[in-house]
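Residues per chain are reported as follows:
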Amino acid sequence: MLQQLWYGQSRWRWLLAPVALLFAIISGARRVAYRRGWFKAYRARLPVIVVGNISVGGNGKTPVVVWLVEQLQARGFRPGVVSRGYGGKAPYYPYRLDANSSTAQAGDEPVLIARRCGCPVVVAPKRADAVRLLEQGGEVDIIITDDGLQHYGLARDIELVVVDGVRRFGNACLLPMGPLREPVTRLKRVDAILCNGGTPARGEYPMRLVADVPRRVRDDVPASGPLPRVVDALAGIGHPPRFFATLTSLGYELQQSVGYADHQAFERDELLARFGERALLMTEKDAVKCRGFALENWWYLPVSAELPASLLDSLLQKLNLARAPAAGSEH
């Protein structure tokens, strides 16, 4: 319903204009308060890169975080990641993930990042608390925050915004009238805009998600050969149709394609009753929630962000200007 309202031409959205105006006043006042120093933001000793967006829904932030971590690691940096840990309830905060951390504790995206990148990942409702824990540990020399563009309680050196290149900004209205958390003019103040799919606007970096060989959900073993052409699919992400379209483009015929809410905690019995006859394909983010009860024929499709090398060069140049590397680190 909301998707049709936000990304269509419905006139019903104007009924929500008073609420959108109130949202604009409150969120705008908050931005101004932090910008002018009336509210104090935590300034980390280490460089901080925020990967976020101005619209709700899945735009591809997590693959960008993974790309950043891997690119920085390849150049000798020691990045750490902080996140709110949406969808999880940790025993305490800030909570640092370990090999046994579950999505119920830390959320699906932090678990995915920790497993795939092998870097320190800390979750906390207040990201500044997570940053302090990483600073105290001394293991990292640069911090990436997964989402958090609107979390102004944490100062940042670099802001990256991921834009859905197909849906763009919908009707360009603020919540709940439209899909935007902040007005489009906010993009004038960020360091880089990454266009995920579609045609990049002027000044945006092109980005695409590249699929790898499917892996078995229960043990991460790559498929030894092609999967059956006819499969079932599920996606519990911000925009499930994007994943289903990817599978179709790879030649799969989807007998069932079931979309769930982003970050939804799956019910084991419900999934086992619905799927199992055919091979099932899901996203990597879904797989971390299903690993403990997945069937033999359940697979996930790893994807990686492909971005221009010039983007990282630009970021490193800005970071060198903004903050010297932490003492003792070698790059």
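You'll find the protein chain entered in an unreviewed UniProt entry as Tetraacyldisaccharide 4'-kinase, with Aeromonas popoffii given as the organism. Under the UniProt heading Function (unreviewed entry), the note attached to the protein chain is "Transfers the gamma-phosphate of ATP to the 4'-position of a tetraacyldisaccharide 1-phosphate intermediate (termed DS-1-P) to form tetraacyldisaccharide 1,4'-bis-phosphate (lipid IVA)." According to its UniProt record, the protein chain has this under Pathway (unreviewed entry): "Glycolipid biosynthesis; lipid IV(A) biosynthesis; lipid IV(A) from (3R)-3-hydroxytetradecanoyl-[acyl-carrier-protein] and UDP-N-acetyl-alpha-D-glucosamine: step 6/6."

Trainee: Talk me through the overall build of the protein chain; I want residue IDs and the actual numbers.
Mentor: Counting secondary structure elements, the protein chain contains ten helices and 14 strands. Relative to the compact-globule value of 20 Å for 331 residues, the protein chain shows a C-alpha radius of gyration of 20 Å, a close match. Considering only C-alpha atoms, the protein chain reaches an extent of 60 × 55 × 40 Å along its principal axes. Burial analysis of the protein chain (331 residues in total) assigns 51% to the buried set. Counted over contacts in the protein chain with a minimum sequence separation of 6, partners at least 24 positions apart contribute 72%. Accessible surface, the protein chain: about 15,800 Å² in total, of which carbon and sulfur atoms supply 54%. Positive and negative side-chain charges in the protein chain, numbering 42 and 32 respectively, have mean positions lying 8 Å apart.

Trainee: Account for the sheet that holds strand β9 (residues 215–216), naming residues and giving values.
Mentor: Within the open sheet, the five strands sit side by side as β9-β13-β12-β10-β11. Their pairing is mixed. The strands lining the two open edges of the sheet, one partner per strand, are β9 and β11 (253–259). Relative to strand β13 (residues 298–301), strand β12 (residues 280–283) is paired through four bridges, and the arrangement is parallel. Bridging across to β13, M282 finds its partner in Y300.

Trainee: Report on the UniProt feature "binding site: ATP" (unreviewed entry) in the protein chain, specifying residues and quantitative values.
Mentor: UniProt records the feature "binding site: ATP" (unreviewed entry) for S55, V56, G57, G58, N59, G60, K61 and T62 in the present numbering. Mapping G58 onto the fold places it in the loop between β1 (48–52) and α3 (61–74). By relative accessible area, G58 is classed as buried at 16%. Apart from residues lying up to four places away in sequence, G58 is in contact with D164, R167, G238, H239 and R242. The exposure class of T62 is buried, given its relative accessible area of 11%. In contact with T62, not counting residues within four places along its chain, are E109, L112, I113 and D146.

Trainee: Any details on the pattern of salt bridges? Residues and values, ideally.
Mentor: Counted according to the given criterion, the structure contains 27 salt bridges. D219 is the salt-bridge partner of R216, the closest N and O atoms lying 2.9 Å from each other. Residue class for R216 comes out buried when judged on its relative accessible area of 16%. Among the ionic contacts, a cluster of salt bridges with common partners joins R31, R156, E159, E182 and R186.

Trainee: So what about the nonpolar core? Which residues, and what values?
Mentor: Core analysis: the biggest nonpolar cluster contains 39 residues, and L68, I144 and L194 have the highest contact counts within it. Apart from residues lying up to four places away in sequence, I144 is in contact with I49, V51, V65, L68, V69, L72, P79, G80, V81 and V82. Within the second largest apolar cluster, 25 residues are counted, among which are V48, L149, V161 and V190.

Trainee: Please set out the pairing of β11 residue by residue, giving values where relevant.
Mentor: Two strands pair when backbone bridges link them, and strand β10 (residues 230–235) and β11 are joined in this way by six bridges, in the parallel orientation. In the sheet register, V230 faces β11, and the bridge partner there is E253. One crossover worth recording links β10 to the parallel β11 by way of helix α7 (residues 240–249), and it is right-handed.

Trainee: Which residues make up the environment of A130, and what are the values?
Mentor: With respect to the element layout, A130 can be found in helix α6 (residues 127–137). Under the relative-accessibility criterion, A130 is labelled buried at 0%. Sequence-wise, A130 and T145 are 15 residues apart; in three dimensions their C-alpha atoms are separated by 9.7 Å. Apart from residues lying up to four places away in sequence, A130 is in contact with V82, P94, V122, V123 and A124.

Trainee: Mind laying out the packing of aromatic side chains, listing which residues take part and the relevant values?
Mentor: Using the criterion set out here, one finds six aromatic pairs in the structure. Measuring from centroid to centroid gives 5.5 Å for Y92 and Y95, while their planes differ by 70 degrees, and the two rings are edge-to-face. Judged by centre distance (6.2 Å) and plane angle (55 degrees), the rings of F243 and F244 are tilted. Since its relative accessible area comes to 8%, F243 is described here as buried.

Trainee: Go over the sheet that holds strand β3 (residues 95–96) with me, naming the residues and quoting the values.
Mentor: What links the strands of a sheet is backbone hydrogen bonding, and the strands pair in either a parallel or an antiparallel sense. Spatially, the nine strands line up as an open sheet ordered β3-β4-β2-β5-β1-β6-β7-β8-β14, and their pairing is mixed. A strand with exactly one partner marks an edge of an open sheet, and here the two such strands are β3 and β14 (303–306). Running over the sheet, helix α5 (residues 108–117) touches β2 (79–83), β4 (121–123), β5 (142–146) and β14 and is turned about 165 degrees from β4.

Basis of the calculations
Numbers given to residues run from 1 along each chain, matching the order in which its sequence is written. Under the rules for a predicted model, residues below a pLDDT of 70 receive no local features and side-chain atom pairs below 80 are neither given nor counted, while totals for whole chains, interfaces and linings still include all residues. Remark: hydrogens and water are excluded; side-chain values derive from all non-hydrogen atoms of the structure. UniProt positions are given in the numbering used here, feature names are shortened, and annotations may be inferred rather than shown by experiment. Strands are runs of DSSP state E lasting at least 2 residues, helices are runs of H or I lasting at least 4, and numbering of each runs from the N terminus. The size measure is the radius of gyration over C-alpha atoms, and the globule rule it meets is 2.2 Å times the number of residues to the 0.38 power. Throughout, exposure labels follow a simple rule: accessible area from a 1.4 Å probe, protein chains only, divided by the maximum for the residue type, with under 20% read as buried, over 50% as exposed, and the rest as partly exposed. Contacts are assigned to residue pairs that have any heavy atoms within 4.5 Å of one another. Reported accessibility uses the Shrake-Rupley method at a 1.4 Å probe radius. Residues are deemed covered only where the shown protein chains occlude them. Note that His is not counted, nor are the chain ends; the positive residues are Lys and Arg, and the negative ones are Asp and Glu. Charge coordinates come from a single atom per side chain, which is NZ of Lys, CZ of Arg, CG of Asp or CD of Glu. DSSP bridges decide pairing: two strands pair if at least two such bridges lie between them. When a carboxyl oxygen of Asp or Glu is within 4 Å of a side-chain nitrogen of Lys or Arg, the pair counts as a salt bridge. Here, nonpolar core refers to any group of buried Ala, Val, Leu, Ile, Met, Phe, Trp, Tyr and Cys residues whose side-chain atoms link them within 4.5 Å. A clockwise course of the path from the first strand over the helix to the second, judged with the strands pointing away from the viewer, identifies a crossover as right-handed. Aromatic contacts are taken between Phe, Tyr and Trp rings whose centres are within 6.5 Å, Trp giving its six-membered ring; a plane angle under 30 degrees counts as stacked, one over 60 as edge-to-face, and the others as tilted. Orientation is described by axes fitted as lines to C-alpha atoms, over the contacting stretch for helices, and by angles from 0 to 180 degrees between their N-to-C directions.

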